[in-house]
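A closer look at the structure
What follows is the residue order along each chain.
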Amino acid sequence: MKKILIWDIPTRIGHWLLVAVFILSFVTGDSEEWRLFHVAAGYAVGGVLAFRMFWGVAGTRYARFTSFLFSPLQAFRYVIELLKGKPSHWLGHNPAGSYAIYLLILLGFATVVSGFAVYAEIGGEWLEEAHDALSYCMLGIVGIHVLGVIVGSWAHHENLVRSMVHGYKMGNSEEAIDSGKTYWAIAPIATAVLASMLVFIT
Amino acid sequence: MITKKTFITLLLLVSANSTFAETPASLVSGYAAEAAKTSPGFTPSAKRGQSLFTNEWGVSQKMPNCTTCHGKNIKAEGKHVVTEKRIAPFSPAANPERFSSAAKVEKWFKRNCTEVVGRECTAAEKADFIQFITQGG
């Protein structure tokens, strides 16, 4: 067992960028003064998620969707194991955590699209309510995701938050990803910036 | 007390149209009844409502008062000072959709009062305000 790279740089930058733009868009949601900022931050959420979709196919091993496709039963079993205090160990996303990722991506896109429609005044009052509800659902999943990270870190004696910062976990060297593809780090930033600029034309 | 409440509720239901939507008048009387609980004998005043509308609150720099975005003429369209999007006229006379849903009215009072007035508006202020918007200053 040694320190091996699990999360590539684009995944990590994308992750923390998403954290930032999600918080920014959430806290400015009720303000008219910050409306343009809110819309730009919301589009940036969409931009990061669009990159994540691409990276889920083109990224490194643990970033690819195929590495965390689990059945609901597997996710359920993992939660039971976690509650018993003896969860199985996964270097990438665990079966329950995977569902948080998928839900965050789906809710994220739904929130952004509904927000766009509200801002473009397509659809009626119900869309405002839907946008509100979706954003709160997303916050709920964020809460569950953070809780899962805390419990998982504690159960496996590994700091998952720090892993998402530096990218390393303890494992066997043949399970590591190679540190290439670092130049792709610019991609989530670029898609976020480009998407946020849509505020000028919508 | 309960029978009185039931009676008022029934009256509101009967006076509302088939979709149970509110009217500006039913909203005014609802807020006025709430205001009367703390200040007995409260009567809505369009004049007080107008001063709420035009008062320079100065809490928000970009949006010091309601007219910044809604315009001084409540029968004309307003323009959002930040997004520059058009805002439908405030007056129900010019825009029948206005003040037809209690939930929507509550939502926007909460959002806009918090930001422009710097706190939530009271029931008395809401009654005055809608009175002004429907009757003019």
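The structure reproduced in this document is the subject of the present report. None of these values were measured; they are calculated from a predicted model. (Residues numbered from 1 in each chain as written. Chains lettered and ligands numbered in written order. Predicted model: local features only at pLDDT ≥ 70, side-chain atom pairs only at ≥ 80, totals over all residues.)

Overview of the overall build of chain A
Each helix and strand in chain A was counted, giving seven helices and two strands. Moving toward the C terminus, one meets the helices and strands of chain A in the order β-α-α-α-α-α-α-β-α. Expected size for 202 residues packed as a compact globule is a radius of gyration near 17 Å; at 18 Å, chain A falls within 12% of this value. When burial is assessed residue by residue, chain A has 32% of its 202 residues classed as buried. (Helix = DSSP H or I, 4+ residues; strand = E, 2+ residues; numbered from the N terminus. Rg over C-alpha atoms; globule rule 2.2 N^0.38 Å. Buried ≥ 20, exposed ≤ 12 C-beta atoms within 10 Å, placed from the backbone.)

Topic: the packing of helix H1 (residues 9–27) of chain A against helix H7 (residues 186–196) of chain A
Residues and elements named next belong to chain A. Interaxial distance between H1 and H7 falls to 8 Å at its minimum, and their mutual angle equals 30°. Put simply, H1 runs roughly parallel to H7. On H7, the residues that touch Pro10, Ile13, Gly14, Leu17 and Val21 of H1 are Ala187, Pro188, Ile189 and Ala192. Taken together, the residues of the contact of H1 with H7 break down into eight nonpolar, one polar and no charged. (Axes fitted to C-alpha atoms, helices over the stretch in contact; angles between N-to-C directions. Parallel < 35°, antiparallel > 145°, perpendicular 65-115°, else oblique. Contact = placed C-beta atoms within 7 Å. Nonpolar A, V, L, I, M, F, W, Y, C, P; charged D, E, K, R; others polar.)

Considerations on the interface of chain B and chain A
Taken together, the contact pairs eight residues of chain B with seven residues of chain A. Considered class by class, the residues forming the side of chain B that touches chain A number two nonpolar, two polar and four charged.

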